[in-house]
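Fold and contact review
What follows is the residue order along each chain.
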Amino acid sequence: MTAEHLIRLGGSDWSIWKQSVLRSGGFAAAGVGRLSNVELAAAADLSATGGGSRDDYQAAYERATAHLSEQIRQIARDPAFREAVAWQNRALIADCLDKAAAGEPRNVRGRNHESAIASYWQRYCVKNDTIGFFGPVGWAHWSTDGAAIRVTPGPGLLARRTTYLEVWAVDAVARALEQDPRLTPWLPPRLVSTYDLAGRTLHRSTRRPVPLTEAEAGLLGLCDGTRTAREVADQIVRSGHPELRTEQDVLDQLVALRERGLLRLSLEVAVSAHPERELVERLDRVGDPVVREEVLTRVSRLLHARDAVAAAAGDEAKLVVALGEAASVFEELAGVQAARRPGQTYAGRTILYEDTVRDVDVRFGAAVLDAMAPPLALLLQSARWFVAEAAREYRKVFDEAYERMRARWGDAPPSLAAVVAAATPHLFFSRGQLPQPVAKVAEELQRRWQEILRPDPDTRCHRVRAEDIAERVAELFAAPEPAWSSAVHHAPDLMIAADGPEAVARGEFLLVLGELHLASNTVESRLFVEQHDDPSWLFRADEADHGDRRVYLSPPKHWQAVSSRTYPPSALLSPRYTYWSLHPDAGGTPGEPLPAARLVVERTGGRLEVRTRDGARRFDLLEVMGELLSPVTVNGFHPLPPAAHRPRVAIDRLVLARESWTLDAAGVRWASIKKEPDRFLAARAWRAELGLPERAFYKVPVEDKPVFVDFTSLVLVNLFAKAVRRTAEARQTSFTVSEMLPDVGQTWLTDGDGAGYTAELRIVAVDPAAGGARRRS
């Protein structure tokens, strides 16, 4: 595929893919209104201004609590809601939902259950989280002609739903099977992926080389992860090796090498959407029919349990039973609990998950594309500058690391692994904290955009025209081509605020920028690729943009970010790319990775290069480090700094920053008021004093993601107050409240009944340099 997969952004040099991910809620946005109570809010406001008595407010409060309790009961009984919760936290069905559905009193326990249910409900209604049927994957198509928008929903919410096993669960079963010594001859031995065998020396990336005997070197040379131990033994024995005369001699030697940490002898599978298939393929190769039948029967029990879960989809009661049975089967087979990393985000916590495809056809024409192109191209230019500046900062980091390592290694060039280890403190990042080199660039990005936009904090909305600032953007954000291949992509999330698709067609809409993910194609995640009708289209598009330049670090399975449904590793990896491994548990790439032990760093022409020890292959250091640099920069793009009050800022019809308020949790004293009616009354007065909108999102440091609040909702205000208290207790007191835009009623994505859903488009933007540069090798 060449440029056929791209569509130009107006008159700029930037392009976007013709297909974008459509992320949306699985419950209608209006459903969140079931938690609100306009009458109570009005009574509170009237009481605060002296226009109503306390008795009137108390009466409205009593009616509101009765109404809220009834809504919570109904939500707790809703089959679709119960099914969604079962997928995320099965224990909550009996521990919380059943009790609320039965009409428990609104005491301390009842209010806790009420809060838990409201927390899940608001997320399902107004967040674009891609998981399960309550966050289905869709696809939108772009063109330069045709109607502004065409939304054609199918007869149901979903076109397809699929149940998957997590790779960690399959590995756990594999490890249990390996304990059977009868399987040892059929395990595939492979050299540790970071080690490099050269003659009778085994090089290790950060430790001394290991001298080997002739027998050990011969064995390791045959351990490619494809041959079984018995096949290796057969080849060695037939060669008449004097030290390895029998199959048992070879097997014993392989086990000894495994114990020394020099090879892996296991059934461990690669990270993929269907890891169980690789396990079954390996077990199919077991030559002993009795053993083969036994182990395949054990694995088939887990597969049948997965299929039973899939068959129960749509029936909450059957699903709860099936999930429980699957967990029991897994624990019996693997000998470990059917959950991990409790409470962590993106952790692949359970053994099973479901992803789905939304039943809708969405197409955008010239009117939306033309409105998006000029302002988005300006933002992308500054994104290119950001990555170039980050690259400049990291060249300094690696230069310093290299010099430190060179002093230790003497005349020999330091290993790549040693240089990476020395630079690691600057590669650490979290969702809430940028590495220092990136934070430095982010601060400068904000300074320059502030200079260009000059938003007035005393206004509610600040708007500039793209044509008026284009020249200044070009001047302040001039940048060279990307320093590593992944940086040819940026992935902006775009929302459309409009009163239905008809309003979009009339041109009555705003575009709203969510996150702009830097130096990454976030569509390469398996959860998206698996749900595309033609994954090969995505593969060809990604390959065309990278050419043969990309150098990909195979990620280790122990990284928390690694799971079956997300990435890394990418689901769009080409045999044309170069792969390398830094960790022993890396693998699963379509090309044989270069082991870190084969790679050294040296300075050539003023820049650091990575080369193989024999000098046969050379790469720019930043290209090799690209898969580590993209994650540290990906969340750094925030054009405007937080402020006590920041107006909505727009370029043409693209809102790049919603109106927001940065507040101190320690100063929000009403959040600690014990009595609920008094707390709600004070919250209403506080909202009015600050001029906050009725509906908003708040981002507190004790939560990973923004949370919705409706200040007319008793329970959502309670959740907000609790988050503020936790923030104050954590002594990370700064938090942000942002307007909800699009608002609940500004939904263009509809189902067959006309109900509106929140939605965003994840766009793949492509740098003008994509496909043009080729790696040096």
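For the structure itself, consult the block above.
Okay, so let's go over this structure. Model, not experiment: these values are computed from the prediction.

Along its length, the protein carries 23 helices and 30 strands. A burial count over the protein gives 57% of its 777 residues as buried. Here the analysis covers contacts within the protein between residues at least 6 apart in sequence; of these, 75% occur between residues at least 24 apart. Of the accessible surface of the protein, which amounts to about 31400 Å², a share of 49% is contributed by carbon and sulfur atoms. If you average the places of the 98 positive and of the 104 negative side-chain charges in the protein, the two averages end up 3 Å apart.

A full pass over the atoms with the stated rule returns 68 salt bridges. Between Asp180 and Arg182 there is a salt bridge, with the nearest N and O atoms lying 2.8 Å from each other. One continuous salt-bridge network, built from bridges that share partners, spans Glu444, Arg447, Arg448, Glu451, Arg472 and Glu475.

Along the chain, Tyr567 connects to Pro568 via a cis peptide bond; the corresponding omega equals 15°. With respect to the element layout, Pro568 can be found in the loop between strand E15 (551-554) and strand E16 (578-581). A cis amide bond links Pro568 with the next residue in sequence, Pro569, at an omega value of -5°. As for its position among the elements, Pro569 is in the loop between E15 and E16. With phi around 55°, Asp652 is a residue other than glycine that occupies positive phi space. On the secondary structure map, Asp652 appears in the loop between strand E21 (648-651) and strand E22 (654-657). Although it is not a glycine, Arg731 adopts a positive phi angle of roughly 60°. Relative to the helices and strands, Arg731 resides in the loop between helix H23 (714-729) and strand E26 (734-739).

Across two bridges, the pairing between strand E14 (residues 510-517) and E22 is parallel. Residue pairing for E22: Val512 is matched across the bridge by Val655. In textbook terms, the turn of a hairpin is the stretch between consecutive antiparallel strands, and for E21 and E22 this stretch comprises two residues, one of which, Asp652, has a positive phi near 55°.

Here the focus is helix H10 (residues 275-284). Every buried residue belonging to H10 is among Pro275, Glu276, Leu279, Arg282 and Leu283, and all of these are buried. Axial view of H10: buried residues confined to an arc of 120°, hence all on one face. Looking at H10, the residues exposed on the side facing more than 90 degrees away from the buried face are Arg277 and Glu281.

With that out of the way, let us pick up the sheet that holds strand E25 (residues 707-710). Ordered in space as E23-E26-E24-E25, the four strands form an open sheet in which the pairing is antiparallel. Looking at the sheet topology across the chains shown, the edges are occupied by strand E23 (660-664) and E25. Across the sheet, the axes of successive neighbouring strands diverge by a mean angle of 30°, strand direction being ignored. For strand E24 (residues 695-699) and E26, the ladder comprises four bridges, and the chain directions are antiparallel. Following the sheet pairing, Lys699 is matched in E26 by Thr736.

Moving on: the packing of aromatic side chains. The description of two aromatic rings rests on the distance between their centres and on the angle between their planes. Across all of its chains, the model carries 25 aromatic pairs by this definition. One aromatic cluster in this structure is built from Phe27, Phe81, Tyr120, Trp121, Tyr124, Phe133 and Phe134. Over the aromatic face of Tyr757 sits the side chain of Arg358, whose NZ or CZ is 4.3 Å from the ring centroid. Of note, Arg653 hangs over the ring of Phe509, and the distance from its end group to the ring centre comes to 4.2 Å.

What follows deals with the sheet that holds strand E18 (residues 599-604). Within the open sheet, the three strands sit side by side as E18-E19-E20. Their pairing is antiparallel. Each having just a single partner strand, E18 and strand E20 (618-620) make up the two edges of the open sheet. Sheet twist, expressed as the average angle between the axes of neighbouring strands with direction ignored, equals 35°.

Another aspect to go through is empty space enclosed by the protein. Within the structure shown, the criterion is met by seven cavities of 30 Å³ or more. Of the volumes computed, that of the largest cavity is approximately 90 Å³. What lines the largest cavity is Ser69, Ile72, Arg73, Ala100, Glu104, Pro105, Arg106, Gly110 and Glu114. Within the residue set of the lining of the largest cavity, elements represented by two or more residues are helix H2 (54-77) and helix H5 (108-126). A per-element tally of the lining of the largest cavity places H2 first, with three residues. A breakdown of the residues in the lining of the largest cavity according to their chemical character gives three nonpolar, two polar and four charged. Roughly 50 Å³ of internal volume is contained in the second largest cavity. Taken together, Arg34, Leu35, Ser36, Asn37, Leu40, Ala64, His67, Leu68, Thr712 and Leu714 make up the lining of the second largest cavity. By residue class, the composition of the lining of the second largest cavity is five nonpolar, four polar and one charged.

All right, on to the nonpolar core then. Soluble, globular proteins show a tendency: their nonpolar side chains are buried together. Ranked by internal contacts, the top residues of the largest apolar core, which has 130 residues, are Phe81, Phe330 and Phe720. In this structure, Leu22, Ala371, Ala519 and Val601 belong to the second largest nonpolar core, which totals 100 residues.

Helix-helix packing: each pair is described by the crossing angle between the helix axes and the interaxial distance. Where helix H13 (residues 366-409) contacts helix H21 (residues 626-633), the two axes come as close as 11 Å, and the packing angle between them is 120°. Accordingly, the angle class assigned to the pair H13 and H21 is oblique. The chirality of how H13 crosses H21 is right-handed. Each of Phe386, Ala390, Tyr394 and Phe398 in H13 lies in contact with H21, whose residues at this interface are Leu629, Val632 and Thr633.

This part covers the state of the cysteines. Two cysteines, two sulfur atoms, one covalent bond between them: this is a disulfide. For the structure shown, the criterion picks out zero disulfides. No disulfide involves Cys96; its sulfur sits 16 Å from the nearest other cysteine sulfur, which is in Cys125. Exposure remark for Cys125: the relative accessible area of 0% places this residue in the buried category.

What the second largest pocket holds in volume is close to 840 Å³. In this structure, the second largest pocket is lined by 35 residues; those nearest its centre are Arg190, Leu191, Asp224, Glu592 and Pro593. Going through the elements one at a time, strand E6 (189-191), strand E7 (196-198), helix H7 (214-222), H10 and strand E17 (594-595) are the ones with two or more residues in the lining of the second largest pocket. Grouping the amino acids of the lining of the second largest pocket by side-chain chemistry returns 15 nonpolar, ten polar and ten charged.

This part takes up helix H1 (residues 38-48). Within H1, burial applies to Leu40, Ala41, Ala43, Ala44 and Ser47. The buried residues of H1 occupy one face: seen down the axis, they fall within an arc of 165°. Where the residues of H1 are buried, they touch H2, helix H22 (676-690) and H23. Two or three places before Glu39, at the start of H1, stands the capping residue Asn37, its side-chain oxygen 3.3 Å from that residue's backbone nitrogen. Following H1 by one or two positions, Gly50 has its phi on the positive side, about 85°.

What counts as what
Residues numbered from 1 in each chain as written. Predicted model: local features only at pLDDT ≥ 70, side-chain atom pairs only at ≥ 80, totals over all residues. Heavy atoms only, no water. Helix = DSSP H or I, 4+ residues; strand = E, 2+ residues; numbered from the N terminus. Buried < 20%, exposed > 50% of the residue type's maximum accessible area, 1.4 Å probe, protein only. Contact = heavy atoms within 4.5 Å. Areas by Shrake-Rupley, 256 points an atom, 1.4 Å probe, with all protein chains shown as cover. Lys, Arg positive; Asp, Glu negative; His and termini not counted. Charge placed at Lys NZ, Arg CZ, Asp CG, Glu CD. Salt bridge = Lys/Arg side-chain N within 4 Å of Asp/Glu carboxyl O. Pairing = 2+ DSSP bridges. Arc of directions from axis to C-beta. Axes fitted to C-alpha atoms, helices over the stretch in contact; angles between N-to-C directions. Phe/Tyr/Trp six-rings, centres within 6.5 Å; stacked < 30°, edge-to-face > 60°. Lys NZ or Arg CZ within 6 Å of the ring centre and 35° of its normal. 1 Å grid on protein atoms, 1.4 Å probe; cavity = no way out; pocket = protein on both sides within 12 Å on 5 of 7 lines; lining within 4 Å. Points joined across faces, edges and corners; volume = space filled by probe spheres on them. Nonpolar A, V, L, I, M, F, W, Y, C, P; charged D, E, K, R; others polar. Core = buried A, V, L, I, M, F, W, Y, C linked by side-chain atoms within 4.5 Å. Parallel < 35°, antiparallel > 145°, perpendicular 65-115°, else oblique. Left-handed = near helix turned anticlockwise from the far one by under 90°. Disulfide = S-S within 2.5 Å. Polar contact = N/O pair within 3.5 Å; in protein donor to acceptor, adjacent residues only side chain to side chain.

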